[in-house]
Amino acid sequence: MNAPRKLLIVEDDLGLQRQLRWAYDGYEVLVAADRASAVDMVRAEEPAVVTLDLGLPPDPDGTSEGFAALAEILSLKPETKVIVASGHGARESALQAIADGAWDFYQKPIDIDALGHIVARAFHVHDLEAENRRLALRDTGPALGGLITAAPEMIKVMRTVERVAPADVSVMLLGASGTGKELLARGLHDASRRSGGAFVAINCAAIPETLLESELFGHERGAFTGAVKTTEGKIEQAAGGTLFLDEIGDVPLALQVKLLRFLQERVIERIGGRRPIAVDTRIVCATHRDIDAMVAAGAFREDLYYRLAEIVVRIPSLAGRPGDAALLARHFVTRYAATMNPAVSGLSSDARAAIDAHDWPGNVRELENRVKRAVIMADGKSVTAADLDLAAGEDGAVNLRAAREAADRQAIRHALARADGNISQTARLLGVSRPTLYDLLKSYGLHD
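Throughout what follows, the structure given in this document is the object of discussion.

A look at the packing of helix α8 (residues 209–217) against helix α10 (residues 253–265)
No. 1: One way to put it is that α8 packs onto α10 with a least axis distance of 11 Å and a crossing angle of 10 degrees. By the angle class used here, α8 and α10 are roughly parallel. Here α8 contributes L212, E213, L216 and F217 to the contact with α10, which in turn contributes L255, K258, L259 and F262.
No. 2: A per-class count over the contact of α8 with α10 returns six nonpolar, no polar and two charged.

With respect to helix α6 (residues 152–164)
No. 1: Helix length check: α6 (13 residues) gives 19 Å between terminal C-alpha atoms against 18 Å at 1.5 Å per residue, within 8%.
No. 2: Listed as buried for α6 are M154, I155, V157, M158, R159, V161 and V164.

Quick word on the side chain of K234
No. 1: With respect to the helices and strands, the residue K234 is situated in helix α9 (residues 234–237).
No. 2: It is E215 that comes nearest to the buried, bridge-free K234 among opposite-charge side chains, at 4.1 Å.
No. 3: Those residues within four positions of K234 in sequence are excluded, and the remaining contacts are V200, I202, E215, L216 and L243.

Regarding the sheet that holds strand β12 (residues 311–314)
No. 1: On the basis of which strands lie adjacent, the open sheet formed by five strands has the order β7-β8-β11-β6-β12 and parallel pairing. Two strands lie at the open edges of the sheet, namely β7 (199–203) and β12, each paired on one side alone. Here the average twist between neighbouring strands, direction ignored, is 20 degrees.

Side note on the environment of G362
No. 1: With respect to the helices and strands, G362 occurs in the loop between α14 (349–357) and α15 (363–377).
No. 2: Separated by 183 residues in the primary sequence, G362 and T179 place their C-alpha atoms 8.5 Å from one another.
No. 3: With residues near it in sequence (within four places) discarded, G362 still touches S177 and G178.

Digging into the sheet that holds strand β5 (residues 104–107)
No. 1: Taken together, the five strands give an open sheet; going across it, the order is β2-β1-β3-β4-β5, and neighbouring strands pair in parallel fashion. The open sheet has two edge strands with one neighbour each: β2 (28–32) and β5. Neighbour-to-neighbour, the strand axes of the sheet open up by a mean angle of 20 degrees, direction not taken into account.
No. 2: In this sheet, strand β3 (residues 49–53) lies alongside strand β1 (residues 6–10) in parallel orientation, the contact comprising four bridges. Counted as the bridge partner of V10 is L52 from β3.
No. 3: Most of the contacts of helix α1 (residues 14–23) go to β2, to which it runs at about 165 degrees, and overall it touches β1 and β2.

Focus on the packing of aromatic side chains
What characterises a pair of aromatic rings is the spacing of the ring centres plus the angle enclosed by the ring planes.
No. 1: Throughout the structure, instances matching the rule amount to five aromatic pairs.
No. 2: Taking 6.2 Å as the distance between ring centres and 55 degrees as the angle between the ring planes, the aromatic pair formed by Y24 and Y27 counts as tilted. With respect to class, Y24 is no different from Y27; both count as buried.
No. 3: Through a chain of ring-to-ring contacts, three or more aromatic side chains come together here, namely Y24, Y27 and F123.
No. 4: Taking the ring centre of F217 as reference, the NZ or CZ of K258 above it sits at 4.6 Å.

Describing a nonpolar patch on the surface
No. 1: Together, M340, I376 and M377 make up an exposed nonpolar region whose accessible area comes to about 290 Å².
No. 2: As for its position among the elements, M377 is in helix α15.

Things to note about the packing of helix α2 (residues 35–45) against helix α3 (residues 64–76)
No. 1: At a minimum axis distance of 10 Å, the contact between α2 and α3 shows a crossing angle of 15 degrees. Accordingly, the angle class assigned to the pair α2 and α3 is roughly parallel. Crossing handedness for the pair α2 and α3: right-handed. Residues R35, V39, V42 and R43 of α2 pack against E65, A68, A69, E72, I73 and L76 of α3.
No. 2: Looking at the contact of α2 with α3, its residues break down into six nonpolar, no polar and four charged.

Concerning unusual backbone geometry
No. 1: In this model, P57 is joined to P58 through a cis peptide bond whose omega is 10 degrees.
No. 2: Mapped onto the elements of the fold, P58 is located in the loop between β3 and α3.
No. 3: In this model, D389 sits at a positive phi of 60 degrees, which is unusual for a non-glycine residue.
No. 4: Relative to the assigned elements, D389 resides in the loop between α16 (385–388) and α17 (401–418).
No. 5: Given a relative accessible area of 57%, D389 falls into the exposed group.

Rules used throughout
- Residues numbered from 1 in each chain as written.
- Predicted model: local features only at pLDDT ≥ 70, side-chain atom pairs only at ≥ 80, totals over all residues.
- Heavy atoms only, no water.
- Axes fitted to C-alpha atoms, helices over the stretch in contact; angles between N-to-C directions.
- Helix = DSSP H or I, 4+ residues; strand = E, 2+ residues; numbered from the N terminus.
- Parallel < 35°, antiparallel > 145°, perpendicular 65-115°, else oblique.
- Contact = heavy atoms within 4.5 Å.
- Nonpolar A, V, L, I, M, F, W, Y, C, P; charged D, E, K, R; others polar.
- Expected span 1.5 Å × (residues − 1).
- Buried < 20%, exposed > 50% of the residue type's maximum accessible area, 1.4 Å probe, protein only.
- Lys, Arg positive; Asp, Glu negative; His and termini not counted.
- Salt bridge = Lys/Arg side-chain N within 4 Å of Asp/Glu carboxyl O.
- Pairing = 2+ DSSP bridges.
- Phe/Tyr/Trp six-rings, centres within 6.5 Å; stacked < 30°, edge-to-face > 60°.
- Lys NZ or Arg CZ within 6 Å of the ring centre and 35° of its normal.
- Patch = residues over 30% accessible without salt bridge, like charges linked within 9 Å, V, L, I, M, F, W, Y side chains within 5 Å.
- Areas by Shrake-Rupley, 256 points an atom, 1.4 Å probe, with all protein chains shown as cover.
- Left-handed = near helix turned anticlockwise from the far one by under 90°.

Here it is as structure tokens:
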């Protein structure tokens, strides 16, 4: 059974405390008699609803302590529904309390039944808002660009890309190598109004400086030795669609000037050409470099940066996406086992633990390469930690409440990923009972 929901009563009148505690036997009732103990209780117990008497000691005949308590409670937990009760200047107090963030107001003397309805409604609204926040974090649609993730950190990135995709603006994707920048760029293109056009990608770091200009802008026949025919550049090839410039930080300064002119005027000139050509191409770029530092050092033009970075999206590393390493590893095992070692059917428990413990400095690219090699080398039905050339690490201990809850969420996500969502197996991995796991899933907003 689910634990009763927590209701905090902040009231210095002992008789009224007992009356309210008796009236709300359907909740887990917590009681505080002053501001300090009320704030401590909110910090420790995180009640969803609070009834707050404004007349608290050492100012029982005024409202200063009550309003101070209201401010501190909402500062700690903004989603808390605080119902303020007072007999002191009821109208003025009500207006100020609502203006300061109270959810509702009730004038003394208290009618238990009427206040009970207000409390029940407050819990209902709190539950609805919590559900909305949970749904907002879930991946409710097809994965953008084919990305595989269950981490809220990456889902937030995908939702950002989906929002900016319809707007015809330049987007800069910032993240370490192997974090999925090209997949996001392709997903942005597919979600845009240009999806019917071409998606053209070019890695600016992989092309010699002497050839990069021709690759981007094209050339006319006879423009240089070996130019036996007129050739369109990548910008023209992506007309009506999207051009993805990977590793934009490696574009030389001289070529940055020509790229800036295109972004400003939307026209290009091929090498050896004299005729301006209008081109309607959207630019999406990416880099693993510290582009802000490059601008500050004069290694990247500031005016070009602002043209390219109308929208900046920062992509977390794989280590910053709890649970995703295990999900991706299973995906890669399935993909490569089919053609390279059909006898392999999954990951062993020590392999899953090793994957969870590794920091993955090379991100998804490193993970894919390790799994691919491990599938080829595996002797049994399961890829082991030894096949991956990994050893499980040890986690450091934490004792702060917030850090502990964050660690709990991460551990649950890891276990769910490693157990393919099987609740019984997840509970065994975590060392808890199924009912306890269900309570944890609901408490942390991780249930489906």
